[in-house]
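Structure assessment
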Amino acid sequence: MNINQAMEARHSVRSFKSDPLPIEAAQALRDEIARCNAEGSLNIQLVLDEPHAFDCMMARYGKFSGVRNYLALVGPKGRDLDEACGYYGERLVLLAQQLGLNTCWVAMTFQKVPNAYTIGRGEKLAAVIALGYGTTQGTAHKVKLPQAVAPNIQGAPDWFVRGVDAALLAPTAMNQQKFTLIYEGENRVRATPGRGFYAKMDLGIVRYHFECGALPTAIEWL
Ligand SMILES: Cc1cc2nc3c(=O)[nH]c(=O)nc-3n(C[C@H](O)[C@H](O)[C@H](O)COP(=O)(O)O)c2cc1C
(Lines give C-alpha, C1' and ligand atoms only; values in the text may rest on other atoms or scores of the structure.)
Protein backbone atom coordinates (compact mmCIF):
# COMPACT_ATOMS: atom_id res chain seq x y z
CA MET A 1 0.00 0.00 0.00
CA ASN A 2 1.55 3.33 -1.03
CA ILE A 3 1.01 6.54 0.93
CA ASN A 4 -1.91 7.73 -1.26
CA GLN A 5 -3.67 4.38 -0.83
CA ALA A 6 -3.03 4.60 2.93
CA MET A 7 -4.66 8.06 3.08
CA GLU A 8 -7.69 6.75 1.13
CA ALA A 9 -8.01 3.60 3.26
CA ARG A 10 -7.58 5.27 6.68
CA HIS A 11 -10.73 5.89 8.68
CA SER A 12 -11.11 6.14 12.45
CA VAL A 13 -11.68 2.75 14.05
CA ARG A 14 -12.74 2.60 17.70
CA SER A 15 -13.31 -1.13 18.22
CA PHE A 16 -10.34 -3.49 18.19
CA LYS A 17 -9.69 -7.25 18.16
CA SER A 18 -7.59 -8.77 20.93
CA ASP A 19 -4.74 -9.79 18.55
CA PRO A 20 -1.43 -8.29 19.71
CA LEU A 21 0.74 -6.24 17.34
CA PRO A 22 3.24 -8.47 15.50
CA ILE A 23 6.83 -7.90 16.66
CA GLU A 24 7.84 -6.63 13.20
CA ALA A 25 5.01 -4.06 13.11
CA ALA A 26 5.89 -2.82 16.61
CA GLN A 27 9.54 -2.53 15.58
CA ALA A 28 8.68 -0.64 12.37
CA LEU A 29 6.60 1.80 14.43
CA ARG A 30 9.37 2.22 17.02
CA ASP A 31 11.93 2.95 14.26
CA GLU A 32 9.66 5.60 12.74
CA ILE A 33 8.86 7.04 16.19
CA ALA A 34 12.60 7.47 16.78
CA ARG A 35 12.92 9.38 13.49
CA CYS A 36 9.86 11.54 14.26
CA ASN A 37 11.11 12.32 17.77
CA ALA A 38 14.53 13.30 16.43
CA GLU A 39 13.11 15.52 13.66
CA GLY A 40 10.32 17.06 15.72
CA SER A 41 12.02 17.20 19.16
CA LEU A 42 9.18 15.12 20.59
CA ASN A 43 8.92 12.21 23.02
CA ILE A 44 6.25 10.06 21.31
CA GLN A 45 5.99 6.56 22.80
CA LEU A 46 4.39 3.28 21.74
CA VAL A 47 2.38 1.82 24.62
CA LEU A 48 1.54 -1.88 24.22
CA ASP A 49 -0.90 -4.07 26.13
CA GLU A 50 -2.21 -1.28 28.38
CA PRO A 51 -6.01 -1.51 28.70
CA HIS A 52 -6.63 1.22 31.32
CA ALA A 53 -6.47 4.39 29.17
CA PHE A 54 -9.71 3.33 27.46
CA ASP A 55 -11.30 1.74 30.48
CA CYS A 56 -13.35 4.79 31.51
CA MET A 57 -16.83 6.28 31.05
CA MET A 58 -15.64 8.76 28.44
CA ALA A 59 -14.13 6.04 26.26
CA ARG A 60 -17.17 3.80 26.56
CA TYR A 61 -19.42 6.74 25.74
CA GLY A 62 -17.16 7.36 22.74
CA LYS A 63 -17.78 3.73 21.65
CA PHE A 64 -14.20 2.57 22.17
CA SER A 65 -13.70 -1.12 22.85
CA GLY A 66 -10.75 -3.48 22.97
CA VAL A 67 -8.11 -0.71 22.93
CA ARG A 68 -4.88 -2.09 24.42
CA ASN A 69 -2.28 -0.31 22.30
CA TYR A 70 -1.74 3.36 21.62
CA LEU A 71 0.75 6.05 20.78
CA ALA A 72 1.28 8.59 23.55
CA LEU A 73 2.00 11.96 21.89
CA VAL A 74 4.31 13.60 24.42
CA GLY A 75 6.50 16.64 23.88
CA PRO A 76 7.73 19.92 25.32
CA LYS A 77 4.97 22.26 26.53
CA GLY A 78 4.57 25.29 24.28
CA ARG A 79 2.59 26.80 21.46
CA ASP A 80 4.15 24.51 18.81
CA LEU A 81 3.39 21.20 20.54
CA ASP A 82 -0.07 20.51 19.12
CA GLU A 83 0.91 21.16 15.52
CA ALA A 84 4.09 19.09 15.80
CA CYS A 85 2.15 16.19 17.38
CA GLY A 86 -0.40 16.45 14.57
CA TYR A 87 2.23 16.32 11.84
CA TYR A 88 4.34 13.48 13.26
CA GLY A 89 1.39 11.60 14.74
CA GLU A 90 -0.24 11.41 11.32
CA ARG A 91 3.03 10.21 9.79
CA LEU A 92 2.81 7.31 12.27
CA VAL A 93 -0.91 6.78 11.60
CA LEU A 94 -0.26 6.34 7.88
CA LEU A 95 2.63 3.96 8.56
CA ALA A 96 0.31 1.95 10.84
CA GLN A 97 -2.25 1.82 8.00
CA GLN A 98 0.46 0.56 5.63
CA LEU A 99 1.30 -2.12 8.21
CA GLY A 100 -2.32 -3.32 8.10
CA LEU A 101 -3.33 -1.70 11.40
CA ASN A 102 -6.22 0.64 12.21
CA THR A 103 -6.10 3.80 14.29
CA CYS A 104 -8.09 6.58 15.92
CA TRP A 105 -6.84 9.97 17.10
CA VAL A 106 -8.10 10.64 20.63
CA ALA A 107 -7.70 13.96 22.41
CA MET A 108 -10.69 13.76 24.76
CA THR A 109 -12.32 10.37 25.26
CA PHE A 110 -9.58 8.57 27.21
CA GLN A 111 -7.96 8.84 30.63
CA LYS A 112 -4.32 9.47 31.51
CA VAL A 113 -2.54 6.48 33.03
CA PRO A 114 0.44 7.34 35.28
CA ASN A 115 3.53 5.21 34.60
CA ALA A 116 2.25 3.80 31.28
CA TYR A 117 4.52 6.30 29.47
CA THR A 118 7.11 8.86 30.44
CA ILE A 119 6.34 12.56 30.67
CA GLY A 120 9.57 14.43 31.34
CA ARG A 121 9.96 17.72 33.16
CA GLY A 122 8.50 20.51 31.02
CA GLU A 123 6.64 18.02 28.82
CA LYS A 124 2.98 17.14 28.44
CA LEU A 125 0.75 14.52 26.84
CA ALA A 126 -1.02 16.26 23.94
CA ALA A 127 -3.22 13.35 22.77
CA VAL A 128 -3.09 9.62 22.08
CA ILE A 129 -3.68 7.49 18.99
CA ALA A 130 -5.40 4.14 19.57
CA LEU A 131 -4.08 1.39 17.32
CA GLY A 132 -4.43 -2.29 16.60
CA TYR A 133 -6.44 -4.61 14.38
CA GLY A 134 -9.90 -3.11 14.02
CA THR A 135 -13.10 -5.13 13.99
CA THR A 136 -13.94 -3.03 10.89
CA GLN A 137 -12.02 -0.72 8.55
CA GLY A 138 -14.21 2.28 9.50
CA THR A 139 -16.12 4.50 7.08
CA ALA A 140 -15.24 7.58 5.05
CA HIS A 141 -15.99 10.93 6.68
CA LYS A 142 -18.05 13.70 5.13
CA VAL A 143 -15.75 15.88 3.05
CA LYS A 144 -16.00 19.63 2.34
CA LEU A 145 -15.63 20.89 -1.24
CA PRO A 146 -12.01 21.68 -2.21
CA GLN A 147 -12.86 25.35 -2.82
CA ALA A 148 -14.35 25.60 0.70
CA VAL A 149 -10.91 24.96 2.24
CA ALA A 150 -8.79 26.31 -0.63
CA PRO A 151 -10.48 29.46 -2.01
CA ASN A 152 -7.88 30.08 -4.77
CA ILE A 153 -7.64 26.45 -5.95
CA GLN A 154 -8.90 27.29 -9.43
CA GLY A 155 -5.92 27.78 -11.73
CA ALA A 156 -3.48 26.49 -9.08
CA PRO A 157 -0.97 23.80 -10.20
CA ASP A 158 -1.84 20.08 -10.16
CA TRP A 159 0.32 19.38 -7.11
CA PHE A 160 -1.70 21.95 -5.12
CA VAL A 161 -4.99 20.31 -6.18
CA ARG A 162 -3.59 16.88 -5.21
CA GLY A 163 -2.45 18.33 -1.88
CA VAL A 164 -5.91 19.75 -1.12
CA ASP A 165 -7.59 16.44 -2.03
CA ALA A 166 -5.21 14.63 0.35
CA ALA A 167 -5.84 17.25 3.07
CA LEU A 168 -9.57 16.59 2.86
CA LEU A 169 -8.94 12.91 3.64
CA ALA A 170 -7.17 13.88 6.87
CA PRO A 171 -8.76 13.20 10.25
CA THR A 172 -9.73 16.37 12.14
CA ALA A 173 -11.26 16.69 15.61
CA MET A 174 -15.04 16.15 15.28
CA ASN A 175 -14.41 16.22 11.50
CA GLN A 176 -14.43 20.01 11.70
CA GLN A 177 -12.11 20.65 8.69
CA LYS A 178 -11.64 24.27 9.77
CA PHE A 179 -8.28 24.71 8.02
CA THR A 180 -7.56 26.95 5.01
CA LEU A 181 -4.92 26.33 2.35
CA ILE A 182 -3.84 29.17 0.08
CA TYR A 183 -1.63 28.81 -3.00
CA GLU A 184 1.04 31.55 -2.78
CA GLY A 185 2.97 30.95 -6.04
CA GLU A 186 5.93 28.68 -6.91
CA ASN A 187 5.93 25.87 -4.30
CA ARG A 188 4.56 28.02 -1.48
CA VAL A 189 1.42 27.33 0.54
CA ARG A 190 -0.06 29.22 3.46
CA ALA A 191 -1.94 27.02 5.94
CA THR A 192 -4.12 28.50 8.67
CA PRO A 193 -5.90 26.52 11.40
CA GLY A 194 -9.21 28.38 11.77
CA ARG A 195 -10.99 28.39 15.13
CA GLY A 196 -11.99 25.28 17.00
CA PHE A 197 -10.89 22.65 19.50
CA TYR A 198 -7.55 21.09 18.54
CA ALA A 199 -7.42 23.20 15.36
CA LYS A 200 -3.62 23.40 15.53
CA MET A 201 -3.29 19.64 15.94
CA ASP A 202 -5.60 19.27 12.96
CA LEU A 203 -3.40 21.66 11.00
CA GLY A 204 -0.29 19.53 11.61
CA ILE A 205 -2.20 16.45 10.43
CA VAL A 206 -3.46 18.31 7.37
CA ARG A 207 0.01 19.58 6.50
CA TYR A 208 1.37 16.04 6.49
CA HIS A 209 -1.45 14.83 4.22
CA PHE A 210 -0.95 17.83 1.91
CA GLU A 211 2.78 17.12 1.59
CA CYS A 212 2.10 13.44 0.74
CA GLY A 213 -0.54 14.36 -1.85
CA ALA A 214 1.65 17.04 -3.47
CA LEU A 215 4.69 14.76 -3.94
CA PRO A 216 7.13 15.01 -5.67
CA THR A 217 6.74 18.77 -5.18
CA ALA A 218 8.34 19.81 -1.89
CA ILE A 219 6.22 22.43 -0.16
CA GLU A 220 7.51 25.64 1.35
CA TRP A 221 5.05 26.47 4.16
CA LEU A 222 4.43 30.15 4.85
C1 LIG B 1 -7.00 16.00 17.03
C2 LIG B 1 -8.10 14.97 17.00
C3 LIG B 1 -8.72 14.61 18.18
C4 LIG B 1 -9.74 13.63 18.18
N5 LIG B 1 -10.30 13.25 19.38
C6 LIG B 1 -11.24 12.27 19.39
C7 LIG B 1 -11.80 11.83 20.62
O8 LIG B 1 -11.48 12.33 21.70
N9 LIG B 1 -12.73 10.83 20.59
C10 LIG B 1 -13.12 10.25 19.41
O11 LIG B 1 -13.97 9.35 19.44
N12 LIG B 1 -12.61 10.64 18.20
C13 LIG B 1 -11.66 11.63 18.17
N14 LIG B 1 -11.11 12.02 16.97
C15 LIG B 1 -11.48 11.35 15.71
C16 LIG B 1 -12.35 12.23 14.82
O17 LIG B 1 -13.67 12.27 15.31
C18 LIG B 1 -12.29 11.70 13.37
O19 LIG B 1 -10.96 11.75 12.92
C20 LIG B 1 -13.17 12.52 12.43
O21 LIG B 1 -14.53 12.38 12.75
C22 LIG B 1 -12.95 12.14 10.98
O23 LIG B 1 -13.23 10.78 10.75
P24 LIG B 1 -12.12 9.80 10.16
O25 LIG B 1 -10.94 9.81 11.08
O26 LIG B 1 -12.80 8.47 10.07
O27 LIG B 1 -11.71 10.30 8.79
C28 LIG B 1 -10.13 13.01 16.96
C29 LIG B 1 -9.48 13.39 15.77
C30 LIG B 1 -8.47 14.35 15.79
C31 LIG B 1 -7.78 14.68 14.52
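Everything that follows concerns the structure shown earlier in this document.
Only a predicted model underlies this, so the values are computations on that prediction, with no experimental measurement involved.

1. Quick look at helix H7 (residues 199-214)
- Its 16 residues give H7 an end-to-end C-alpha distance of 22 Å, which sits within 8% of 22 Å, the value for a rise of 1.5 Å per residue.
- With respect to burial, H7 is a largely interior element, 15 of its 16 residues being buried.

2. Notes on the nonpolar core
- Residues Phe 160, Val 164, Leu 181 and Phe 210 are the most contacted members of the largest nonpolar core, which totals 53 residues.
- Mapped by element, the contributors of at least two residues to this core are helix H1 (3-9), helix H2 (23-40), strand E2 (70-76), helix H4 (81-98), strand E4 (123-132), helix H6 (158-168), strand E6 (188-192) and H7.
- Broken down by element, this core gets its largest block of residues, ten residues, from H4.
- Formed by 20 residues, the second largest nonpolar core is a distinct cluster that contains Val 47, Ala 59, Val 113 and Val 128.

3. Here we look at the pairing of strand E5 (residues 180-183)
- Here E5 pairs with E6 via four bridges, running antiparallel. In the sheet register, Ile 182 faces E6, and the bridge partner there is Arg 190.
- Between E5 and E6, which follow one another and run antiparallel, lie four residues, and Gly 185 among them has a positive phi close to 90°.

4. Some words on the sheet that holds E6
- On the basis of which strands lie adjacent, the open sheet formed by three strands has the order E5-E6-E7 and mixed pairing. If you trace the sheet from one side to the other, it starts and ends with E5 and strand E7 (220-221), each paired once.
- Across the face of the sheet, H6 comes into contact with E5 and E6 while running at roughly 175° to E5.
- Taken strand by strand, H7 contacts E5, E6 and E7, and its axis lies near 155° from that of E6.

5. Here's the deal with the packing of aromatic side chains
- Applying the stated criterion across every chain, the model contains twelve aromatic pairs.
- Between Trp 159 and Phe 210, the ring centres sit 6.4 Å apart and the planes meet at 85°, which makes this aromatic pair edge-to-face. Highlighted residues: Trp 159 in helix H6 and Phe 210 in helix H7, separated in sequence by 51 residues. The residues Trp 159 and Phe 210 share a single accessibility class, namely buried.
- Grouped by ring-pair contacts, the aromatic residues Phe 54, Phe 64, Tyr 70, Phe 110 and Tyr 117 constitute a single cluster.

So, how was this worked out
Residues numbered from 1 in each chain as written. Predicted model: local features only at pLDDT ≥ 70, side-chain atom pairs only at ≥ 80, totals over all residues. Heavy atoms only, no water. Helix = DSSP H or I, 4+ residues; strand = E, 2+ residues; numbered from the N terminus. Expected span 1.5 Å × (residues − 1). Buried < 20%, exposed > 50% of the residue type's maximum accessible area, 1.4 Å probe, protein only. Core = buried A, V, L, I, M, F, W, Y, C linked by side-chain atoms within 4.5 Å. Pairing = 2+ DSSP bridges. Contact = heavy atoms within 4.5 Å. Axes fitted to C-alpha atoms, helices over the stretch in contact; angles between N-to-C directions. Phe/Tyr/Trp six-rings, centres within 6.5 Å; stacked < 30°, edge-to-face > 60°.

Keep in mind these numbers describe shape, not what the thing actually does.
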